[in-house]
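# Summary of the model geometry
For reference, the chains in residue letters:
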Amino acid sequence: MTNRTVLYGIGVSAGTASGPLAVVRPAVGVDDNEPAAIEGDSERVKATLQEVAESLKQRAEHANSATSKQVLEATATLATDRGLIRGIEKELKKGTGVTHAIHDAVEVYAGKLRKLGGYMAERVTDLYDIRDRATARVRGLPEPGVPDFAEPSILVAHDLAPAETATLDPERVLGIVTEGGGATSHTAILAAQLGIPAAVQVKDILGAIDDATPLAIDGGVGEVIVAPSDSDVNELEERSRRRAEALAGSSGEGATRDGYKVKLLANIGTAEDAEKASKFDLEGSGLFRTEFLFLDRDSAPTVDEQTETYTRVLRAFGKRRVVVRTLDAGADKPLSFANLGEEENPALGRRGLRLSMVREDLLNDQLQALANAHANVPEAELWVMAPMVATVEETQWFCDKARGYGLPKVGIMVETPAAAIRAGHVLSIADFASIGTNDLSQYTMAADRMQGELAELLSPWQPPVLNMIKATGMGGYATGKTVGVCGEAGGDPLMALVLVGLGITSLSMAPTKVNAVRAALRLHDMDTCRQMANYAVDAPTAKEARENVLKIADPVLRDLL
Ligand code: PEP
Ligand code: MG
């Protein structure tokens, strides 16, 4: 029996939960000390692949959607594919050890599928899944990935890949706890998107649990209780109740207490997200991360496919605003069909708009599809923006191109200090700017957003980051152009007040965060927001910036955090 232990990490998706846990394990890779193949290994591998196929078929039976069922069934069939088995036998005959034989044969097979392109190329991801499951089984280790759990559970992992998180079922996943990751990692973003309470950077969680330990989580403050007592569970329920009370009556347009309007928008990544978000009480979408549509694809989407998806998204929001970001591939969101090869520093490399400038074909298709979707839904308020802009030339290039497709409102993301401190210049060309605080923090503080250990440096409360936001707000003011925020900072009710005080007029966030931000705005007038902004920017440290702002906030705000 595990002892009660309280661990703290960073809360990235508010809400509380308690229940059993399920551990997500990483892929184990080849066994470097394995012996050469012996007779009987071929039969052993065949039996293992058969087991993998059976377990996938069983999962398919419990799949939560027709799509996942199909994917699982197709993967099960691929596990016993004759070509794959022949490939492994060929490797074993050379004397190659079992796990190496599986990996080598899969690589050859994956190469063939990639050459075939289209649907076949997309199967490569499934093939790697089979490889990793089979490798773990022959090594006598648990299968990697999200396990098949009977009861709704809290997932515990060292880290989760964005593609893994995107497929989680919020009905069955009560919470997510990771040892690694950061507040602006895409896994955290997706968890908030799905409305699953989540905490990252919970050190030593894997060492503190066994498979039978119950857990409790408060994803707002980042608290995780291993083997919670009844009174812990009651206390969490009490916190939920106070929060619900503070949120009561939060509805309608976003505005400060004295009526300054602040548009409250949703961050989305798929057409399903759009359909779900459109049912929330919010004013549209301030960030459609289009690359999330293609995370697990091996081939570029066609114009028709994209037109269909974008049309669905615009239809979901009707006349409400939808800000679409063009493909932001590279660095932490690698796409296999938009890969320019290995780079020493991918976050500083050819990602975002820089990649689109090399692969103009991908951007052209996307802009054409957006123009088509707009023609299908002319009443939509479609805005389009580019990620990772650093210069006036890039801004001009993108704006000219997008306007060439007849797109009515063309803007840029401010994610680099270069764009922030020259916001007046870029905004004299672009129609609007949206600050991506996740990347702006990473680049201002020179701290990799993927590096969970650097969480403190990555906080948007860092005064230098606030200086960048202030400069962007001033650029917007000077040019009369709108400046919004669509990074994770916009979803923090306290930070939202500071942003508004810095001149931000729209905030885009996970839809589940909108109510708390709206309630926070209603509690404060614009003068207070401006005072908060001054306190925060003038503070010497991130900690003092937050503390100073909290001191002048309405006491009810604490229940919203
Ligand atoms: C950001 O960088 O703040 C942003 C909104 O873009 P992403 O998180 O997708 O990089
Ligand atoms: Mg970004």
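A brief structural summary.

Criteria and cut-off values
Residues numbered from 1 in each chain as written. Chains lettered and ligands numbered in written order. Predicted model: local features only at pLDDT ≥ 70, side-chain atom pairs only at ≥ 80, totals over all residues. Heavy atoms only, no water. Buried < 20%, exposed > 50% of the residue type's maximum accessible area, 1.4 Å probe, protein only. Helix = DSSP H or I, 4+ residues; strand = E, 2+ residues; numbered from the N terminus. Pairing = 2+ DSSP bridges. Donors = N, O, S within 2.8 Å, 3.2 Å for Na, K, Ca; no water. Contact = heavy atoms within 4.5 Å. 1 Å grid on protein atoms, 1.4 Å probe; cavity = no way out; pocket = protein on both sides within 12 Å on 5 of 7 lines; lining within 4 Å. Points joined across faces, edges and corners; volume = space filled by probe spheres on them. Nonpolar A, V, L, I, M, F, W, Y, C, P; charged D, E, K, R; others polar. Near = heavy atom within 4 Å. Polar contact = N/O pair within 3.5 Å; in protein donor to acceptor, adjacent residues only side chain to side chain. Areas by Shrake-Rupley, 256 points an atom, 1.4 Å probe, with all protein chains shown as cover. Sits in = over half its atoms within 2 Å of the grid points. Axes fitted to C-alpha atoms, helices over the stretch in contact; angles between N-to-C directions. Parallel < 35°, antiparallel > 145°, perpendicular 65-115°, else oblique. Left-handed = near helix turned anticlockwise from the far one by under 90°.

We now examine the pairing of strand 8 (residues 223-226). By the alternation rule, side chains of strand 8 split into Glu223 and Ile225 and Val224 and Val226, which are all buried. Note: strand 1 (residues 5-8) against strand 8, four bridges, orientation antiparallel. Looking at strand 8, one finds that Leu7 is bridged to Val224. Joining the antiparallel neighbours strand 7 (residues 214-218) and strand 8 is a turn of four residues, in which Gly222 adopts a positive phi near 80°.

Time to look at the coordination of the magnesium ion (ligand 2). Binding of the magnesium ion (ligand 2) to the protein goes through Glu415 (OE) and Asp439 (OD), at separations of 2.0 Å. Here Glu415 is found in the loop between strand 13 (410-414) and helix 15 (417-421), whereas its partner Asp439 is found in helix 17 (residues 437-445), with 24 residues between them in sequence. Of the two residues examined, Glu415 and Asp439, each falls in the buried class.

This brings us to the side chain of Gln306. Here Gln306 shows up in helix 11 (residues 303-317). Once you skip the residues sitting within four places of it in the chain, Gln306 turns out to touch Phe294, Pro301, Asp365, Gln366 and Ala369.

Now for empty space enclosed by the protein. Within this structure, the stated rule accounts for four cavities of 30 Å³ or more. Quantified by volume, the largest cavity comes out at close to 90 Å³. In terms of lining, the largest cavity is formed by 15 residues, of which the most central are Val323, Phe432, Ser434, Gly484 and Ser506. Looking at the lining of the largest cavity, the elements with two or more residues in it are strand 11 (321-325), strand 14 (432-435), strand 15 (482-485) and strand 16 (506-509). Top contributing element to the lining of the largest cavity by residue count: strand 15, with four residues. Considering only residue class, the lining of the largest cavity consists of eight nonpolar, six polar and one charged. Estimates place the volume of the second largest cavity at around 70 Å³. Looking at the second largest cavity, it is lined by 15 residues, and the ones nearest its centre are Arg289, Arg325, Glu415, Asn438 and Arg449. Going through the elements one at a time, strand 10 (284-289) and helix 17 are the ones with two or more residues in the lining of the second largest cavity.

We now examine the site of ligand 1. Near ligand 1 there are 16 residues, and of these Arg289, Arg325, Glu415, Asn438 and Arg449 occur at the shortest range. Glu415 is positioned with one of its side-chain polar atoms (N or O) 2.8 Å from an oxygen atom of ligand 1. One of the side-chain N or O atoms of Arg449 is found 2.8 Å from an oxygen atom in ligand 1. Protein chains shield 100% of the accessible area of ligand 1, which is 290 Å² for the free molecule. When atoms are counted within 2 Å of each cavity's grid points, the one that captures over half of ligand 1 is the second largest cavity. At three residues, the largest contribution of residues to the shell around ligand 1 is made by helix 17. In terms of residue class, the shell around ligand 1 is built from four nonpolar, five polar and seven charged.

Next up on the list: the packing of helix 17 against helix 18 (residues 463-479). Packed helices, taken two at a time, are described by the angle their axes make and the gap between the axes. It is the contact of helix 17 with helix 18, at a shortest axis distance of 9 Å, that shows an interaxial angle of 120°. Relative to helix 18, the element helix 17 is oriented oblique. Note that helix 17 runs across helix 18; the crossing there is right-handed. Across from Thr437, Leu440, Ser441, Thr444 and Met445 in helix 17, the residues of helix 18 making contact are Pro464, Val465, Met468 and Ile469. Residues belonging to the contact of helix 17 with helix 18 are distributed by class as follows: six nonpolar, three polar and no charged.

Another point: the layout of surface pockets. Put simply, the second largest pocket is a space of about 1400 Å³. Forming the walls of the second largest pocket are 44 residues, and the residues nearest its centre are Ile10, Gly11, Trp461, Asp492 and Arg546. Those elements that provide at least two residues to the lining of the second largest pocket are strand 2 (10-13), helix 17 and helix 22 (542-551). With five residues, helix 22 is the largest single contributor of residues to the lining of the second largest pocket. For the lining of the second largest pocket, the residue count by class is 18 nonpolar, 17 polar and nine charged.

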